Amino acid sequence: GASIVVESRKRYKAKILDSRIAVADSIWSIDAANSIDVDSDYVSVKNITINNNSQLIKIDGAASENKEDKVIFSLENFDLSILNVFFHSRGTKFNGFVSGNASVSDIYNKLLFTSDIKIKAFTFNDEFIGDGALKSSWDRDKEELSLNGSFTKGIVPNIQFSGFYYPSKKEDNIDFDLALQAIKL
């Protein structure tokens, strides 16, 4: 459940009460120590924490016209196999554990997105890929998303990639270098 206090037509406060959510065969808990404040051009989200045993999803921060405000999304030991519920009909299967952070800021002007994510024991359609890392950042001026990452199986770096994605371009919007080694295609 939730508690909502309307202070005016443009301002309200909300709190998600201690709750449980069932997803696939897992029960997730929402910590009641959270708050959401909304005022016409400002949203503050504090300590929205959803967990299942050692898995954690957390959202914390603020979004406003102040370009320094940011919302941080954190994952700890997030089991990717939970996504299989959504992709099963497409014949796609994920396994592995994700930890890391992503953030968004300056949403009213020139959106800034960054992420730093680690993936442990990643498997795609029953093919073991390895342990990986992904870093990304949005360059506001160039309107490009920079992506850099790699996966390692044992000591062998089997996938390495870096490059750019230009979402505003209709053509030639991907520029990537990809190196594959000792990987089954």
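These figures come from a predicted structure and were not determined experimentally.

Draft legend 1. How the structure looks around the overall build of the protein. Along the backbone of the protein there are 1 helix and 14 strands. Considered along the principal axes of its C-alpha atoms, the protein spans approximately 60 × 45 × 30 Å. Buried residues in the protein amount to 31% of all 185 residues. Taking contacts inside the protein between residues at least 6 apart in sequence as the whole, the part at least 24 apart equals 28%. Working note: accessible area of the protein is about 11800 Å², and carbon and sulfur atoms make up 54% of it. Of note, the protein has its 22 positive side-chain charges centred 2 Å away from the centre of its 26 negative side-chain charges.

Draft legend 2. Structural context of unusual backbone geometry. Phi at N77 takes a positive value of approximately 50°, unusual for a residue other than glycine. Residue position: N77 is located in strand β8 (residues 70-79). N77 gets classed as partly exposed once you look at its relative accessible area, which sits at 35%. In this model, D106 sits at a positive phi of 50°, which is unusual for a non-glycine residue. Take D106: it is sitting in the loop between β9 (94-105) and β10 (112-124).

Draft legend 3. Geometry of the side chain of S115. Along the polypeptide, S115 turns up in strand β10. By relative accessible area, which is 10% here, S115 ends up buried. One polar contact links S115 to S136, side chain to side chain, over a distance of 2.5 Å. Beyond its immediate sequence surroundings of up to four residues, S115 is in contact with N101, A102, L134, K135 and S136.

Draft legend 4. Region of interest: the side chain of T123. Structurally, T123 is set in strand β10. When near neighbours in sequence (up to four residues on either side) are disregarded, T123 contacts K93, F94, N95, F128 and I129.

Draft legend 5. Quick peek at the packing of aromatic side chains. With the rule as written, the count across this model stands at 6 aromatic pairs. Here the aromatic cluster, defined as three or more aromatic residues joined through ring pairs, consists of F87, F94, F122, F124 and F151. Seen from the ring of Y166, K169 lies directly overhead, with NZ or CZ sitting 4.4 Å from the centre.

Draft legend 6. Local environment of the environment of I107. Residue placement: I107 occurs in the loop between β9 and β10. Judged by its relative accessible area of 42%, I107 falls in the partly exposed class. Along the backbone, I107 and V45 are 62 residues apart, and their C-alpha atoms lie at a distance of 15 Å.

Thresholds, definitions, all that
- Residues numbered from 1 in each chain as written.
- Predicted model: local features only at pLDDT ≥ 70, side-chain atom pairs only at ≥ 80, totals over all residues.
- Heavy atoms only, no water.
- Helix = DSSP H or I, 4+ residues; strand = E, 2+ residues; numbered from the N terminus.
- Buried < 20%, exposed > 50% of the residue type's maximum accessible area, 1.4 Å probe, protein only.
- Contact = heavy atoms within 4.5 Å.
- Areas by Shrake-Rupley, 256 points an atom, 1.4 Å probe, with all protein chains shown as cover.
- Lys, Arg positive; Asp, Glu negative; His and termini not counted.
- Charge placed at Lys NZ, Arg CZ, Asp CG, Glu CD.
- Polar contact = N/O pair within 3.5 Å; in protein donor to acceptor, adjacent residues only side chain to side chain.
- Phe/Tyr/Trp six-rings, centres within 6.5 Å; stacked < 30°, edge-to-face > 60°.
- Lys NZ or Arg CZ within 6 Å of the ring centre and 35° of its normal.

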